[in-house]
Amino acid sequence: MNDTVFFVDHSAVRLASASWNWSFPGGNPSSSNLENPVVVYNQAGNYDVTLTVTDAFGTSSQTINNFITYIDTTSIITNSNNYQEGFDTNIFPPQAWQLPSSSFSWGTMIVDTGINCYPNKVTYVDHYNISQRGDEAYLISNKVKLGSGSTAVNYLTYDYAYSGFSAAHNDGFRIDISTDCGASWDSIYGAFGADLQTTGYVTSQWQPTCDSWKTDSINLTNLGYNNDTIMVRFVSINDYGNLFYMDNVNIKGENILSNIFLSGEENLHIFPNPNNGKFSIQTKINNLNYSILNSLGKKIQSGKIPLEKSEIKTTDLESGVYLIIFNNTKKTFTRKLVIN
Ligand SMILES: [Ca+2]
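These numbers come from a predicted model, not from an experiment.

## A few points about the overall build of the chain
A tally of helices and strands in the chain yields zero helices and 25 strands. Since a compact globule built from 340 residues should have a radius of gyration of about 20 Å, the 26 Å found for the chain marks it as more spread out than a globular shape. Summarising its shape, the C-alpha atoms of the chain cover approximately 80 × 65 × 35 Å along the three principal directions. The buried share of the chain, reckoned over its 340 residues, is 29%. If you take every contact in the chain between residues at least 6 apart in sequence, the share linking residues at least 24 apart comes to 70%.

## Considerations on the sheet that holds strand E21 (residues 288-293)
The four strands are arranged E22-E21-E24-E25 in an open sheet whose pairing can be described as antiparallel. The sheet is open, and its two edges are formed by strand E22 (299-305) and strand E25 (332-339), each paired on a single side. Each strand of the sheet is rotated relative to its neighbour by a mean of 20 degrees, with strand direction disregarded.

## Points about the environment of Ser217
Relative to the assigned elements, Ser217 resides in strand E16 (residues 214-219). You can call Ser217 exposed: it has 10 C-beta atoms within 10 Å. The spacing of Ser217 and Pro272 is 55 residues in sequence and 39 Å in space, taken between C-alpha atoms. Not counting residues within four places of it along the chain, the set of residues in contact with Ser217 comprises Tyr155 and Thr157.

## Some thoughts on the domain arrangement of the chain
Domain boundaries assigned for the chain yield domain 1 (3-70), domain 2 (75-254) and domain 3 (265-339). The centre of domain 1, based on its C-alpha atoms, is set 45 Å off from the matching centre of domain 2.

## A closer look at the sheet that holds strand E20 (residues 278-283)
Within a beta sheet, neighbouring strands are joined by backbone hydrogen bonds and run either parallel or antiparallel to one another. Taken in spatial order, the three strands of this open sheet run E19-E20-E23, and their pairing is antiparallel. Lying at the two open borders of the sheet, with one neighbouring strand each, are strand E19 (268-271) and strand E23 (309-313). Strand-to-strand twist across the sheet, computed as the mean angle between neighbouring axes with direction ignored, equals 20 degrees.

## As for the environment of Val202
With respect to the helices and strands, Val202 occurs in the loop between strand E15 (186-192) and E16. Considered as a pair, Val202 and Gly241 are 39 residues apart in the sequence and their alpha carbons are 9.2 Å apart. In contact with Val202, not counting residues within four places along its chain, are Ser163 and Asn242.

## Some words on the nonpolar core
Residues Ile230, Leu243, Phe244, Tyr245 and Met246 are the most contacted members of the largest nonpolar core, which totals 39 residues. Elements with a minimum of two residues in this core: strand E9 (106-111), strand E10 (120-125), strand E11 (136-140), strand E13 (153-162), strand E14 (172-178), strand E17 (229-237) and strand E18 (244-254). A total of six residues in this core trace back to one element, the largest contributor, which is E17. Leave out the neighbours within four places in its chain, and Tyr245 touches Val111, Val122, Tyr124, Tyr160, Ala161 and Pro208. Formed by 13 residues, the second largest nonpolar core is a distinct cluster that contains Ile270, Phe279, Tyr290 and Ile324.

Calculation criteria
- Sequence order as written defines the numbering, with residues in each chain counted from 1.
- Given that this is a predicted model, residues contribute local features only at a pLDDT of at least 70 and side-chain atom pairs are listed and counted only at 80 or more, while totals for whole chains, interfaces and linings are drawn from all residues.
- Each helix is a run of DSSP H or I of at least 4 residues and each strand a run of E of at least 2, with the numbering of both proceeding from the N terminus.
- The quantity called the radius of gyration is restricted to C-alpha atoms. Its globule counterpart is 2.2 Å times the number of residues to the power 0.38.
- Once C-beta atoms are placed from the backbone, each residue is buried if 20 or more other C-beta atoms lie within 10 Å of its own, exposed if 12 or fewer, and partly exposed for counts between those two.
- We call two residues in contact when their backbone-placed C-beta atoms lie within 7 Å.
- For two strands to be treated as a pair, DSSP must find no fewer than two bridges joining them.
- Here the axes come from fitting lines to C-alpha atoms, over the contacting stretch only for helices, and the angles between their N-to-C directions go from 0 to 180 degrees.
- For every domain, the bounds stem from an assignment made automatically or drawn from a database.
- Connectivity within a nonpolar core runs through C-beta atoms within 7 Å, and the core itself is a set of buried Ala, Val, Leu, Ile, Met, Phe, Trp, Tyr and Cys residues.

Rendered as structure tokens:
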């Protein structure tokens, strides 16, 4: 999730004698003597750029503050910050969502009765007029960083409505999750035909009524998603039945230990990992405490990490996967610990 910037020098210099001295605080590289350097920024933020050019006639320097603005579209779930998409704007798919091309597609419309019984803009798939039986249409969310910690619970909720046409036309709906930016997907939910219906069969083009909307809630943490950056793929499967409607995709977290993620996390190393119960922690973060939790969230061991490198001996830990929670007054983050 890096952002690469190509810089081009437009200074009025005498090339034969010119030299360039770029400064890119926060970038990689952070400085360059090339005329047209390439710089990678790996965290969202605003960055200054300074260019000093020198030729036979002297030296000139210019700094432009906040010249680079890198906006990461990852939504971060905390106790107070949920993710919500109501499909209510004129932009579809929503910003940073994806709508891969297929034989039919998700769209938006304003229905007379949304889940609140008032007109509402929703996303839908038209299985009534389109016959591409067996084909799938994808609607993929932006990246969402789930809450972390042993007591965190992350939920996906969404509203949907579907009548179906008849028992011979079983349109389907599936939800897939990716934790690797869309490279691979795992299905967490799927239903077809009668199992998907929120009201009885309708043999004409159907619009939802007030009482035909339902809300589903999926506990992502129970499915093993905790502290992951996920994308959610809503899959509609055509069987020439009737329209499927969806609204109000929400991802929310509860009991999340920390609102601060990542910062400094890269400066901590556990090695070896996996290990036999004896391992070292190397860090430049001051005054860290640690707690080792088992898979049930029970604290097994805790202590301080007083030095930049500390050896930790665990006692009587069975083989398995544990969580280590690190925290000081400024931050909390977790790592997996594998005991062989
Ligand atoms: Ca809506």
